[in-house]
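As a plain string of letters, each chain reads:
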Amino acid sequence: MRFFHLTALAYLLVERGHAVQVNPLPAPREIEWGTSGPRYLDWHVRFNGPGDHTIQAAWRRAWNTITRLRWTPAVTEAPIPTFAPFPSDNEKRDALHSRGTVRNVNVKVDDTDTELQHGVDESYTLQISEDSDKIEITAKTTWGALHAFTTLQQIVIAHHGQLLVEQPVKITDSPLYSVRGVMVDTARNFISVRKIFEQIDGMALSKLNMLHWHLSDTQSWPLEVRSYPQMTKDAYSHRETLSPHDVRQVIEYGRARGVRVVPEISMPSHSASGWKQVDPDIVACEDSWWSNDVWEKHTSVEPNPGQLDIANDKTYHVAETVYRDVSRLFTDHWFHIGGDELRTNCYKTSKHVRAWLQEDSSRTFDSLLQHWVDKIVPRLKKVNKNHRLIMWEDILLSQVMHADELPKDVIMQAWNGGLSHIKNLTSRGHDVIVSSADFMYLDCGYGGWVGNDPRYNEMENPDPSKPTFNYLGPGGSWCAPYKTWQRIYDYDFTDGLTDDEKKRVLGAVAPLWSEQVDDVVISYKMWPRAAALAELVWSGNVDKNGQKRTTLMTQRILNFREYLVANGIPAAPLQPKYCLQHPHHCDLFYNQTAVV
Ligand SMILES: *[C@@H]1O[C@H](CO)[C@@H](O)[C@H](O)[C@H]1NC(C)=O
Ligand SMILES: *[C@@H]1O[C@H](CO)[C@@H](O)[C@H](O)[C@H]1NC(C)=O
């Protein structure tokens, strides 16, 4: 093991000479290491902090992890002057002892009552001084203190049966963006509560703070809704359902780890299962042919079809009731009501829509969608006056059908068109969550999944200059290619925005749609790539000089992947282990500023 360190050390000294000690992920905004050498930590550090239950429980978890895992990162990015004192040099070990063992953690939190909601202060400081026996943590709120603990977890390492932090250290940290999340989809395939917990574990470690929970879709309806118990007849099975107890457990598990849980119920698009059990008449085109192989019959972007019937008045009552019941289950002040990928052909099958269009010859499909917005938004606002709605950008930007007017407090989630759509929406005065498919969709690049697909019946690789639906890029699937962690990390999603527009970007959420995801694969498709997003939205992708720090992030994310696995989250390997143990030996470019 020492050999690796020394090889890496020599290499780094010669090649770069920078000094970053253990590399927590996300990199803190400011971290200053001392030079005096490592400090030992007592195995029974004393916690002096608020009696607040959330803080105490989080501290116990962090300290248990430290003492149980006895984690040593494979390689630290640093010339480590401190490796000389140990393992066997008694004299220097005495010197280490004389530096004194850290025996206390002092935690000061200004306000332990602030709820975990959008915009809460998550800043913290963490200091271990040369001449003190304390770890000193300060935070404005509980949620900042929790982040301090996950940082501490990653900088305390085990070495020859001792716990130590490599150097005295001073960290001043806070996030760039207040929305930092991933999306799980429990409808295309079911995801169990246990596996959702696992995602939250990874989120907490990487300081992601929002779980966007796509609860329903056309394919299945797993969620128990109080007013309409029949909806879960469209769950995949009795076992693949989510009871109010399950939902509360997820919310509580998330809250305990600083993760908000924001529900999404898809409306009016992606809606068949569940709704049709309440009343088949409020669902359009459920029995139609979805695909565009016969264009006139095409009703849906993917099987199976179904959209809430906007022209049927009964729809609004049911939608409002579902919204009311579901928002009572959740504690967050945000609620996502879908709105993506509507198809006009679906509505052409509806007698209600046909009659509505005929009533007035100026009516179009765009005015039909405007009708939805004008009716549903005020109704839902009335249920929860201080709550904010989120919708997918399509509601304003879809070429197929879109509304022209949307209340400005509705948050737009941008997923198409990259930077141009982010600019379009922020310039129109909407707050935006970035989920650009070309950069952040974690489900892309695993091939197309629909059956009876002659495009795969190829004996030679298709001509790459003539991309077909399944070969939009190497790798297949509509949003191919696979988004590597570097593609995610390098994405400057506010490029070209004015300062005012930049302020409207609340952050980013990486979706993992689950057509090809269930309990078996969710964690390795999610991790460690979600951690690349986590750092991007916590402290950005550039160093103090504005230079992209992707090459340094490589070691961080490789180490972090090992740490996730050690914490029971089966994250995918990114490179041969050789690369982890030999920093930068697997780089494409020798020039360390090649990524600009
Ligand atoms: C936003 O996009 C829509 C739809 O493409 C377009 O009509 C509109 O002009 C754009 N607005 C801005 C401000 O770019
Ligand atoms: C390294 O790459 C950067 C960015 O392409 C370039 O500006 C710089 O000149 C390169 N340095 C060397 C030594 O080639």
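What you see is a predicted model, and the numbers here were worked out from it, not measured in a lab.

**Points about the overall build of the chain**
Across its full length, the chain carries 20 helices and 18 strands. Over its C-alpha trace the chain gives a radius of gyration of 26 Å, about what one expects of a compact globule, namely 25 Å for 596 residues. Across its three principal axes, the chain shows a C-alpha extent of roughly 90 × 60 × 50 Å. Taking all contacts inside the chain whose residues are at least 6 apart in sequence as the whole, residues at least 24 apart take part in 77%. Looking at the chain as shown, the accessible area adds up to about 24400 Å², and 50% of this sits on carbon and sulfur atoms. Within the chain, one finds 63 positive and 74 negative side-chain charges whose respective centroids are separated by 4 Å.

**Some thoughts on the UniProt feature "active site" (unreviewed entry) in the chain**
UniProt feature "active site" (unreviewed entry): in the numbering of this structure it lies at E341. Tracing the backbone shows E341 in the loop between β14 (334-338) and α9 (344-348). Not counting the four nearest positions on each side in its chain, E341 is found in contact with S269, H270, V301, Q307, D394 and W415. A polar contact of 2.9 Å, which involves the side chain of E341, links it to the side chain of H270.

**Things to note about the domain arrangement of the chain**
The domains assigned to the chain are domain 1 (30-79 + 98-173) and domain 2 (179-447 + 479-581). Distance between the C-alpha centres of domain 1 and domain 2: 34 Å. In this assembly, 23 residues from domain 1 lie in contact with 29 residues from domain 2. In terms of surface lost to domain 2, no three residues of domain 1 exceed W71, Q117 and H118, which account for 24% of the buried area on that side. Put simply, domain 1 and domain 2 have twelve residue pairs in polar contact (both at pLDDT 80 or more) between them. At seven residues, helix α4 (residues 142-155) tops the list of elements feeding residues into the side of domain 1 that touches domain 2. Tallied by class, the residues present in the side of domain 1 that touches domain 2 amount to nine nonpolar, nine polar and five charged.

**Describing the packing of helix α2 (residues 53-69) against α4**
At their nearest, the axes of α2 and α4 sit 9 Å apart, and the two run at 5 degrees to each other. Here α4 runs roughly parallel to α2, going by the angle between their axes. From α2, T54, I55, A58, W59, A62, T65 and I66 reach across to α4, where they touch T142, W143, L146, F149, L152 and Q153. For the contact of α2 with α4, the per-class residue count stands at nine nonpolar, four polar and no charged.

**What to know about the side chain of D431**
Mapping D431 onto the fold places it in the loop between α13 (418-427) and β17 (432-434). A distance of 3.0 Å separates polar atoms of two side chains, one belonging to D431 and the other to R388. A polar atom in the side chain of D431 sits 3.1 Å from the side chain of R504. Setting aside residues no more than four positions away along its own chain, D431 makes contact with R388, V410, I411, M412, R504 and L506.

**Here we look at α13**
Residues of α13 that are buried include every one of G418, H421, I422, L425 and T426, and no others. Along α13, the residues classed as buried sweep out an arc of 125 degrees about the axis, all on the same side. In this fold, the buried residues of α13 make contact with α12 (394-397), β16 (411-414), β17, α16 (499-503) and β18 (505-512). Trailing α13 by a residue or two, G429 shows a phi angle of about 95 degrees, which is positive.

**Considerations on the environment of A531**
Along the chain, A531 falls in helix α18 (residues 529-538). The class of A531 is buried, set by a relative accessible area of 0%. Distance in space between the C-alpha atoms of A531 and P26 is 7.6 Å, their sequence separation being 505 residues. Not counting residues within four places of it along the chain, the set of residues in contact with A531 comprises L25, S206, M553 and F560.

**Side note on the nonpolar core**
Counting 110 residues, the largest nonpolar core has W275 and F493 as the members making the most contacts within it. Ranked by residue count, the leading element in this core is helix α11 (residues 365-383), at eight residues. Not counting chain neighbours up to four residues away, the residues in contact with W275 comprise W221, M231, I265, S266, M267, I282, V283, L308, V318, A319 and V322. W33, I66, L146 and A148 belong to the second-largest nonpolar core, a separate cluster that totals 36 residues.

**Details of the site of ligand 1**
Contacts to ligand 1 come from L397, Q399, N424, S427 and R428. Across the complex, the protein chains shield 40% of the 360 Å² of accessible surface that ligand 1 would expose by itself.

**Re the layout of surface pockets**
Considering only enclosed or pocket space, the second largest pocket measures out at about 900 Å³ in volume. Lining the second largest pocket are 35 residues, with V542, D543, K544, Q547 and R549 sitting closest to its centre. Those elements that provide at least two residues to the lining of the second largest pocket are β1 (30-33) and α19 (550-566). It is α19 that contributes the most residues to the lining of the second largest pocket, three residues altogether. For the lining of the second largest pocket, the class distribution of residues is twelve nonpolar, twelve polar and eleven charged.

What counts and how
Residues numbered from 1 in each chain as written. Chains lettered and ligands numbered in written order. Predicted model: local features only at pLDDT ≥ 70, side-chain atom pairs only at ≥ 80, totals over all residues. Heavy atoms only, no water. Helix = DSSP H or I, 4+ residues; strand = E, 2+ residues; numbered from the N terminus. Rg over C-alpha atoms; globule rule 2.2 N^0.38 Å. Contact = heavy atoms within 4.5 Å. Areas by Shrake-Rupley, 256 points an atom, 1.4 Å probe, with all protein chains shown as cover. Lys, Arg positive; Asp, Glu negative; His and termini not counted. Charge placed at Lys NZ, Arg CZ, Asp CG, Glu CD. UniProt positions renumbered as here; feature names shortened; annotations may be inferred. Polar contact = N/O pair within 3.5 Å; in protein donor to acceptor, adjacent residues only side chain to side chain. Domains from an automatic or database assignment. Buried area = accessible area lost by both parts, 1.4 Å probe. Nonpolar A, V, L, I, M, F, W, Y, C, P; charged D, E, K, R; others polar. Axes fitted to C-alpha atoms, helices over the stretch in contact; angles between N-to-C directions. Parallel < 35°, antiparallel > 145°, perpendicular 65-115°, else oblique. Buried < 20%, exposed > 50% of the residue type's maximum accessible area, 1.4 Å probe, protein only. Arc of directions from axis to C-beta. Core = buried A, V, L, I, M, F, W, Y, C linked by side-chain atoms within 4.5 Å. Near = heavy atom within 4 Å. 1 Å grid on protein atoms, 1.4 Å probe; cavity = no way out; pocket = protein on both sides within 12 Å on 5 of 7 lines; lining within 4 Å. Points joined across faces, edges and corners; volume = space filled by probe spheres on them.

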